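The primary structure of each chain is shown beneath.
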Amino acid sequence: MSYGKAMTGGKGKAHGASPYGKGGPQADDTCKVFVGNLNFKTRWQTLKDFMAQAGTVNHAKILMKDGGKGWDKGWGKGGGLSRGMGVVEFASAEEAQ
């Protein structure tokens, strides 16, 4: 009997994950847009909805000072401290222009 994500087909590092330990295909950098000077209260959903005016948004992330991990640090009520910037990943490089 074996244990762990590598044997069960999960998103462990044995499956070509990124250096940050998250599995899945890596998006081309030409599809990503850096967004600065955001209000510190901006949430990822608001950023994603706004950027959808330019095209199909696959992913939007607000960069957090504490890494945005944990219930009391970005995922739960109130959340952590925003850095005032984010990254938006579009479906194609043309939409990211």
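Keep in mind that this is a model prediction, so the values were computed, not measured. (Residues numbered from 1 in each chain as written. Predicted model: local features only at pLDDT ≥ 70, side-chain atom pairs only at ≥ 80, totals over all residues. Heavy atoms only, no water.)

**Student:** Mind showing me how you'd approach the environment of Trp-44 here?
**Tutor:** Residue position: Trp-44 is located in helix H2 (residues 44-51). In this structure, Trp-44 is in contact with Ala-60 and Ile-62, ignoring residues within four places of it in sequence. (Helix = DSSP H or I, 4+ residues; strand = E, 2+ residues; numbered from the N terminus. Contact = heavy atoms within 4.5 Å.)

**Student:** Could you clarify how one ought to interpret the pattern of salt bridges in this entry?
**Tutor:** When their charged atoms lie close together, side chains carrying opposite charge are able to pair. Under the definition given, this model contains one salt bridge. Asp-29 is the partner of Lys-32 in a salt bridge, and the nearest nitrogen-oxygen pair spans 4.0 Å. Relative accessible area serves as the criterion here: at 34%, Lys-32 is assigned to the partly exposed category. (Salt bridge = Lys/Arg side-chain N within 4 Å of Asp/Glu carboxyl O. Buried < 20%, exposed > 50% of the residue type's maximum accessible area, 1.4 Å probe, protein only.)

**Student:** Just to check I follow, could you spell out the sheet that holds strand S1 (residues 32-35) for this structure?
**Tutor:** For sheets, the rule is that strands pair by backbone hydrogen bonds, running either parallel or antiparallel. Across the sheet, three strands lie side by side as S1-S3-S2; this open sheet has antiparallel pairing. Strands with a single pairing partner mark the edges of an open sheet, and in this sheet they are S1 and strand S2 (57-64). Strand-to-strand twist across the sheet, computed as the mean angle between neighbouring axes with direction ignored, equals 20 degrees. Contacting S1, S2 and strand S3 (82-90), H2 runs over the sheet at an angle of about 140 degrees to S2. (Pairing = 2+ DSSP bridges. Axes fitted to C-alpha atoms, helices over the stretch in contact; angles between N-to-C directions.)

**Student:** What is the right way to read the nonpolar core from this model?
**Tutor:** Side chains of nonpolar character tend, in soluble globular proteins, to be buried together. Within the largest apolar cluster, 12 residues are counted, these being Val-33, Val-35, Leu-38, Leu-47, Met-51, Val-57, Ala-60, Ile-62, Met-64, Val-88, Phe-90 and Ala-96. Only S1, H2, S2 and S3 provide two or more residues apiece to this core. For this core, the leading source of residues is S2, giving four residues. When residues no more than four places from it in sequence are discounted, the contact partners of Val-33 are Gly-86, Val-87, Val-88, Phe-90 and Ala-96. (Core = buried A, V, L, I, M, F, W, Y, C linked by side-chain atoms within 4.5 Å.)

**Student:** Help me understand unusual backbone geometry in this model?
**Tutor:** Generally, phi is negative for residues other than glycine and the peptide bonds are trans, each holding for most cases. At Asn-37, a position not held by glycine, the phi torsion is positive, near 60 degrees. Within the secondary structure, Asn-37 is located in the loop between S1 and H2. Overall, the relative accessible area of 79% leaves Asn-37 in the exposed class.

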